[in-house]
Amino acid sequence: INDANVKDLGLAWFADYDTNQNQHGSPLYVDGVIYVSTARNVVHAFDARNGKRLWTYTPLMVPNPNLGLVNRGMAAYNGKLYMGMLDAKLVAIDAKTGKAAWTTDIVPESLGLGEMRKKYTITMAPRVAKGKVFVGGSGGEYGVRGFIAAFDAETGKELWRFWTVPGNPAKGPDNAASDSVMAMAAKTWNGEWWKWGGGGTAWDSINYDPELGLIYIGTGNGGPDAQVYRSPGRGDNLFLCSIVALDAKTGAYRWHYQEVPEEDWDYTCTSSIVQADLTIDGKPRKVLMHAPKNGFFYVIDRTNG
């Protein structure tokens, strides 16, 4: 597009969605088809040449009403589309037919969460890398414990889980990828935070670095927002409002950078993370760039935090 041909630009086609409710997800273009997720986890496939609707996926579910009806998008990989559902399921949709290939519950009863599991939902766009689908849940302000988990892209089997805030110390380890750092994180909390859930949900940003083999997640606010309730006596409350780097293959902790210690203002640090190679003080640096809600812009070394 340049100054000579811009005059020729015009509407080629348009397609209406079946709802005027919130639209948060960016469309995906794959092999001549545009895929878009709308409110209530409805997905449409359009021929990119003419806008013809190829199929529509309409799930049968009872959405968790706490966080509205939005969906922030999907991931595409190896002939499938991956979407987080409002009832805390992860679904793989056949990109040609619009039929579900598999569905898995990201907060199964085997986690022993009790009534807490009913408060989870998924609004984020999953990410896919190296045959794994990465996704986290929403609901930090409604009494859930944040996490990020990886699932096999072909089968939906859970491969690892990293909890972003510590659980009840009396219950011991979670048998999760986060076990090695939960004792350290627990030292930054006070009182009986686990009764509130803790928050720290990873509900939007996940970024993958293929060279370092790391994923970077942005975590959200505490649950409840006011620290005086969830952690009397204060403390940094790790890993709330942080960038956390994990080994993409195993989920093992590599580093974290907490952007808002003692998070008390709903400054969720879940906005998009951008990778870049910059020259700083005359030296090449591999960095992350991030702008959360607290009014600061961060440039962080992505190799070590």
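The structure we're discussing is the one just above.
Residues numbered from 1 in each chain as written. Predicted model: local features only at pLDDT ≥ 70, side-chain atom pairs only at ≥ 80, totals over all residues. Heavy atoms only, no water.

> Which residues make up the sheet that holds strand β20 (residues 283-290), and what values go with them?
If you trace the three strands from one edge of the open sheet to the other, you get β19-β20-β21, paired in antiparallel fashion. Looking at strand neighbours, the two that pair on one side only are β19 (274-280) and β21 (298-301), the edges of this open sheet. Looking at each pair of strands side by side, their axes are set apart by 45° on average, direction ignored. As paired strands, β19 and β20 are joined by seven bridges and run antiparallel to one another. Its bridge partner being in β20, Leu-278 is matched across the sheet by Arg-285. (Pairing = 2+ DSSP bridges. Helix = DSSP H or I, 4+ residues; strand = E, 2+ residues; numbered from the N terminus. Axes fitted to C-alpha atoms, helices over the stretch in contact; angles between N-to-C directions.)

> Just give me the short version of unusual backbone geometry, but keep the residues and values in it.
Between Gly-223 and Pro-224 the backbone carries a cis peptide bond, its omega angle lying at -5°. Within the secondary structure layout, Pro-224 lies in the loop between β16 (222-223) and α2 (227-230). Cis geometry marks the peptide bond from Leu-238 to Phe-239; its omega dihedral reads 5°. Residue Cys-241 is not a glycine yet carries a positive backbone phi of 45°. Within the secondary structure, Cys-241 is located in the loop between α2 and β17 (242-247).

> Please set out the packing of aromatic side chains residue by residue, giving values where relevant.
Throughout the structure, instances matching the rule amount to 15 aromatic pairs. Ring centres of Tyr-35 and Trp-55 lie 5.9 Å apart, and the angle between their planes is 40°; this geometry places the pair in the tilted category. One end of the pair, Tyr-35, is in strand β2 (residues 33-37); the other, Trp-55, is in strand β4 (residues 53-57), with 20 residues separating them in the sequence. This pair shows no difference in class: Tyr-35 is buried, exactly as Trp-55 is. Their ring planes at 65° and their centres at 5.8 Å tell us that Tyr-257 and Tyr-298 sit as a pair that is edge-to-face. With Tyr-257 in strand β18 (residues 253-258) and Tyr-298 in strand β21, this pair connects stretches of sequence that are 41 residues apart. The buried category is assigned to Tyr-298, whose relative accessible area is 12%. Taken together through their ring pairs, the aromatic side chains of Tyr-120, Phe-147 and Trp-163 make up a single cluster. The lysine or arginine in question, Arg-161, covers the ring of Phe-147, its NZ or CZ lying 4.4 Å from the ring centre. (Phe/Tyr/Trp six-rings, centres within 6.5 Å; stacked < 30°, edge-to-face > 60°. Buried < 20%, exposed > 50% of the residue type's maximum accessible area, 1.4 Å probe, protein only. Lys NZ or Arg CZ within 6 Å of the ring centre and 35° of its normal.)

Just geometry here; none of it tells us what the structure is for.
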